[in-house]
Amino acid sequence: MITIHSLSKKYGSKQVLTNLNLSFQEGSIYGIVGENGAGKTTLFKCICGLENYEGSINSEMNPLKIYLGYLPTEIYFLDKITGREYIQLLCNARGKAFENIDTKNIFNLPLDQYVSGYSTGMKKKLALTAILVQDNQFFILDEPFNGVDIQSNLIITEIILELKRLGKTVLISSHIFSTLKDTCDEIFVLKEGNITQNVTKENFTHLENELKQLTVGNLIEKLELK
């Protein structure tokens, strides 16, 4: 179990996160939704230990960061590194065996080519594969479905559900609400650095309609389409 208590984060005078209290259970999938700038990525970086913050993050996994696989929206790769070398680098970082990689290459990536020649979607699939073979217990996936083809989105959905079956904890952000409906047990709504709602599966459709109304409203009518 991972518990977050009174977590706050500022960048200078700008308050980004305010007094967040959250808990994540083993074998559960959690979604975070919110507008751009709501604080989702900052929250993820705090959990990963990449940002300083006020408050506390506690876990039976200690230190949490060595059990955690983080898929950021913008992934950094070394110059002149191949896909195979990247996976080996992440395995080495955790002391995990680098074996059967070609079998585990379920996205059919050109592992012996430089990553600099990969498309955005290929880079995301490579980074996801690398944190999966690390055998992490907790996964944070920041927009894992963006920029990825529909076939790979289906595979990623099944990967997330398999992680749940294996008792892992998964935290996801996505602007594609249907992907959260298909995978999550609970969804948190983050607005201006505050958690305004936490919604369980039986109320996902209501949340989706509410978000649609807030976002779309009567904007389409203003276009006066004919």
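Heads up: the structure comes first, above all this text.
For the structure given in this document, a descriptive report is provided here. Predicted model only: the values in this text are computed from it and were never measured. (Residues numbered from 1 in each chain as written. Predicted model: local features only at pLDDT ≥ 70, side-chain atom pairs only at ≥ 80, totals over all residues. Heavy atoms only, no water.)

1. Thoughts on the layout of surface pockets
And step 1. Of the volumes computed, that of the largest pocket is approximately 670 Å³.
And step 2. Forming the boundary of the largest pocket are 25 residues, of which G34, E35, V189, L211 and T215 lie nearest the centre.
And step 3. Elements that contribute at least two residues to the lining of the largest pocket include exactly α6 (177-183), β8 (186-191), β9 (194-200) and α7 (204-216).
And step 4. Here the lining of the largest pocket gets seven residues from one element, more than from any other, and that element is α7.
And step 5. Put simply, the second largest pocket is a space of about 310 Å³.
And step 6. Along its surface, the second largest pocket is lined by 13 residues, and K65, L68, Y70, R94 and Q134 are the ones closest to its centre.
And step 7. Looking at the lining of the second largest pocket, the elements that each hand over two or more residues are β5 (68-71) and α2 (83-94).
And step 8. For the lining of the second largest pocket, the leading source of residues is α2, giving four residues. (1 Å grid on protein atoms, 1.4 Å probe; cavity = no way out; pocket = protein on both sides within 12 Å on 5 of 7 lines; lining within 4 Å. Points joined across faces, edges and corners; volume = space filled by probe spheres on them. Helix = DSSP H or I, 4+ residues; strand = E, 2+ residues; numbered from the N terminus.)

2. Describing the side chain of K168
And step 1. With respect to the helices, strands and loops of the structure, K168 is situated in the loop between α5 (150-165) and β7 (169-173).
And step 2. A distance of 3.3 Å separates the side chain of K168 from the side chain of D135, its partner in a polar contact.
And step 3. The residues contacting K168, other than those within four sequence positions of it, are E26, G27, S28, D135, N136, Q137, F139 and L163. (Polar contact = N/O pair within 3.5 Å; in protein donor to acceptor, adjacent residues only side chain to side chain. Contact = heavy atoms within 4.5 Å.)

3. Details of the sheet that holds strand β2 (residues 14-24)
Two modes of strand pairing occur in sheets, parallel and antiparallel, and in both the strands are linked by backbone hydrogen bonds.
And step 1. Pairing is antiparallel across the open sheet formed by three strands, whose spatial order is β2-β1-β4. The open sheet is flanked by β2 and β4 (54-59), the only strands paired with a single partner. Averaged over all adjacent pairs, the angle separating strand axes in this sheet is 20 degrees, with direction ignored.
And step 2. Relative to β4, strand β1 (residues 2-11) runs antiparallel, the two sharing five bridges. In the strand pairing of β4, H5 is matched with S56.
And step 3. Across the sheet, helix α1 (residues 40-48) touches β1, β2 and β4, and the angle it forms with β2 is around 60 degrees. (Pairing = 2+ DSSP bridges. Axes fitted to C-alpha atoms, helices over the stretch in contact; angles between N-to-C directions.)

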